[in-house]
Each structure stands twice: as structure tokens, then as C-alpha cells.
Amino acid sequence: MTPTAPSSLPNYLADGLPKQDDETLQEVQEYVDELLAAREHRRSEPVSEDELPEDAQVLENESSGAVYLEYRTCGDESCSCMSGGAKHGPYKYRAYRDGDTVRREYLGKASGSDTD
């Protein structure tokens with residue numbers, strides 16, 4: 001009897017995993033365990049404000065990282081943001097620790113309620 005994949009599992013994984021041999025499935029299981037352990041470790045060490053961009057506005061520090069707003073330049077030399085004009089944004093990010101490195105994840109353009 002084949003087990004039923006969780007509904008949250010993307011189809012490409014639900015369709016592909018049953019086709020793998022036992023050795024590959026064991027390696028996948030070890031990889032998933034390592035991913036979970038890494039996420040748990042990451043959550044245990046919060047990111048401090050001095051590790052964030054200088055103009056970051058911290059919204060919250062949560063177990064999955066520090067959520068903050070940031071205004072950015074776009075890199076287009078003809079844009080006024082590159083010559084001292086208003087920067088674009090705000091954009092919402094989550095900073096989290098990955099071992100000794102602070103990584104950031106883009107969460108999208110901030111909504112009006114994010115900036116209040």
C-alpha cells in the first residue's frame with residue numbers, strides 16, 4: 001500500500017518521490033532532517049539590529065528572524081534615487097542567521113499597515 005502524500009507537498013515532489021530508490025529516499029530523509037535542524041538552529045540565535053542595514057526600521061523580532069523595512073536605490077543611474085533623491089520602498093525583509101552568516105529574505109513591498 002502506497003502512503004498518501006500530504007496535501008501541502010508540491011505535486012512535483014509528491015509525484016517524484018515514490019519513483020526514487022531506497023538509497024535516494026534515505027538521502028532525501030537525511031537532507032530534510034538537516035534542513036529542519038538548520039532552521040531550528042537559525043531560530044535560536046536572533047539577529048541584532050547592528051547586523052541590519054543602517055536605515056532599517058525593525059518591525060518585529062520573531063523566532064524566524066528580524067522583520068524590517070528598508071528603502072533602496074534601484075541602480076539605474078538616470079533615477080533620482082542614485083543622486084540623493086528619495087529611495088524606493090519601503091520593502092519588507094526578514095533577516096535570519098544561517099550559521100555565522102546573516103541572510104535576508106525579501107517579503108515584498110510593504111503595505112500601508114506595515115509602515116504605521
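Shown above is the structure to which this text applies.
Residues numbered from 1 in each chain as written. Predicted model: local features only at pLDDT ≥ 70, side-chain atom pairs only at ≥ 80, totals over all residues. Heavy atoms only, no water.

Q: Can you break down the pairing of strand β4 (residues 101-109) residue by residue, with the values?
A: Bridging between strand β3 (residues 88-98) and β4 involves eight bridges; their strand directions are antiparallel. Paired with Tyr91 across the strands is Lys109, a residue of β4. Connecting β3 to the antiparallel partner β4 that follows it, the hairpin turn spans two residues, and Gly99 within it adopts a positive phi of roughly 65°. (Pairing = 2+ DSSP bridges. Helix = DSSP H or I, 4+ residues; strand = E, 2+ residues; numbered from the N terminus.)

Q: Account for the packing of aromatic side chains, with residues named and values stated.
A: Scanning the entire structure with this criterion turns up three aromatic pairs. Both rings, one in Tyr91 and one in Tyr106, keep their centres 6.2 Å apart while their planes meet at 50°; by these two values the pair is tilted. Here Tyr91, found in strand β3, pairs with Tyr106, found in strand β4; they are 15 residues apart in sequence, far enough to count as distant. Tyr91 gets classed as buried once you look at its relative accessible area, which sits at 18%. (Phe/Tyr/Trp six-rings, centres within 6.5 Å; stacked < 30°, edge-to-face > 60°. Buried < 20%, exposed > 50% of the residue type's maximum accessible area, 1.4 Å probe, protein only.)

Q: How would you summarise the side chain of Arg97 if you had to cite specific residues and measurements?
A: With respect to the secondary-structure elements, Arg97 resides in strand β3. Of the residues examined, Arg97 reaches a relative accessible area of 11% and is grouped as buried.

Q: So, the side chain of Arg94: which residues are in play, and what are the values?
A: Secondary-structure assignment places Arg94 in strand β3. Overall, Arg94 belongs to the buried group, its relative accessible area being 17%. Excluding residues within four positions of it along the chain, Arg94 makes contact with Glu62, Ser64, Gly65, Ala66, Val67, Tyr68, Arg103, Arg104, Glu105 and Leu107. (Contact = heavy atoms within 4.5 Å.)

Q: Quick one: what's the story with the pattern of salt bridges, residue by residue and with numbers?
A: The full count for this structure, using the stated rule, is five salt bridges. When the shortest N-O distance is used, the salt bridge between Arg97 and Glu51 registers 2.8 Å. Linking Arg97 in strand β3 with Glu51 in the loop between α2 (22-44) and β1 (57-62), this pair joins segments that are 46 residues apart in sequence. The partner of Asp55 in a salt bridge is Lys87, and the shortest N-O contact between them spans 3.9 Å. A residue pair is termed long-range when its members are at least 10 positions apart, and Asp55 in the loop between α2 and β1 and Lys87 in the loop between β2 (65-72) and β3 qualify at 32 residues. On the accessibility criterion, Lys87 (43% relative accessible area) is partly exposed. Connected via shared salt-bridge partners are Glu70, Arg72 and Arg104. (Salt bridge = Lys/Arg side-chain N within 4 Å of Asp/Glu carboxyl O.)

Q: Please give an account of the state of the cysteines that cites residues and values.
A: One pass over the full model with this rule turns up zero disulfides. Just so you know, Cys74 is unpaired, no disulfide at all, and the nearest cysteine sulfur is the one on Cys81, 3.6 Å from it. Among the cysteines around Cys81, which has no disulfide bond, Cys79 carries the closest sulfur, lying 3.6 Å off. On the basis of relative accessible area, Cys81 is assigned to the buried category, the value being 4%. (Disulfide = S-S within 2.5 Å.)

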